[in-house]
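# Chains, contacts and geometry: an overview
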Amino acid sequence: VQLQASGGGLVQAGGSLRLSCAASGDIAAIDAMGWYRQAPGKQRELVARITRGGSTNYADSVKGRFTISRGNAKDTVYLQMNSLRPEDAAVFYCNAEEFAGYRLLNYWGQGTQVTVSS
């Protein structure tokens with residue numbers, strides 16, 4: 001599985017951005033996709049995740065502001081980010097999970113920078 005992320009950029013506080021992540025390869029093996037972010041000096045953290053069945057979960061800090069969704073072909077995942085705050089600034093990474101027997105395989109896309117000016 002390969003992941004290609006796009007959509008980062010610079011936005012003013014209160015603004016919006018939409019991130020996209022296109023998956024290729026063995027898409028049928030993907031059980032969940034999500035977005036993580038990592039700010040300087042901080043650990044990578046889960047932002048939002050969507051499972052094969054469509055269940056979603058979000059970090060508390062983004063609930064009500066961010067929405068994760070999938071394209072019709074299930075090979076693309078989006079993260080709509082509204083009401084952005086300076087503390088949302090980070091490198092955002094697309095992630096795909098594959099439950100292969102007893103193993104959890106994680107795939108990562110390249111990061112995309114999100115900068116929020118105050």
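Shown above is the structure to which this text applies.
Throughout what follows, the structure given in this document is the object of discussion. What you see is a predicted model; the values in this text were computed from it and never measured.

### Quick notes on the pattern of salt bridges
- Across all of its chains, the model carries six salt bridges by this definition.
- With a closest N to O distance of 2.7 Å, Glu45 and Arg37 form a salt bridge.
- Residue classification places Glu45 among the partly exposed residues on the basis of a relative accessible area of 35%.
- Overall, Arg37 belongs to the buried group, its relative accessible area being 6%.
- A salt bridge links Asp88 to Arg65, with the shortest nitrogen-to-oxygen separation between them at 2.7 Å. In this pair, Asp88 sits in the loop between β8 (76-81) and β9 (90-100) while Arg65 sits in the loop between β6 (56-58) and β7 (66-70), placing the two residues 23 residues apart along the sequence. Residues Asp88 and Arg65 agree in their burial class; the two are buried.
- A single network of salt bridges, built from pairs that share partners, joins Arg37, Glu45, Arg65 and Asp88.

### Some points on the pairing of strand β11 (residues 112-117)
- On β11, burial follows the alternation: Thr112, Val114 and Val116 on one face are buried, whereas Gln113, Thr115 and Ser117 on the facing-out side are not.
- Pairing analysis gives four bridges linking strand β2 (residues 9-12) to β11, with the strands arranged parallel. For Gly9, the partnering residue across the bridge sits in β11 and is Val114.
- Here β9 runs beside β11; their pairing, made up of three bridges, is antiparallel.

The rules we used
Once a new chain begins, its residue numbering starts again from 1 and follows that chain's sequence as written. For a predicted model such as this one, the threshold for reporting local features is a pLDDT of at least 70, and the threshold for listing and counting side-chain atom pairs is 80 or more; totals across whole chains, interfaces and linings nevertheless cover every residue. In computing side-chain properties, one takes all heavy atoms of the structure into account and sets aside hydrogens as well as water. One speaks of a salt bridge when a side-chain nitrogen belonging to Lys or Arg is within 4 Å of a carboxyl oxygen belonging to Asp or Glu. The rule is simple: take the accessible area with a 1.4 Å probe, protein chains only, and divide by the maximum for that residue type; under 20% is buried, over 50% is exposed, in between is partly exposed. Elements are defined by DSSP. Helices are runs of H or I of four residues or more, strands are runs of E of two residues or more, and each kind is numbered from the N terminus. Criterion used throughout: strands pair if DSSP finds at least two bridges between them.

Worth remembering: the numbers are spatial, not functional.
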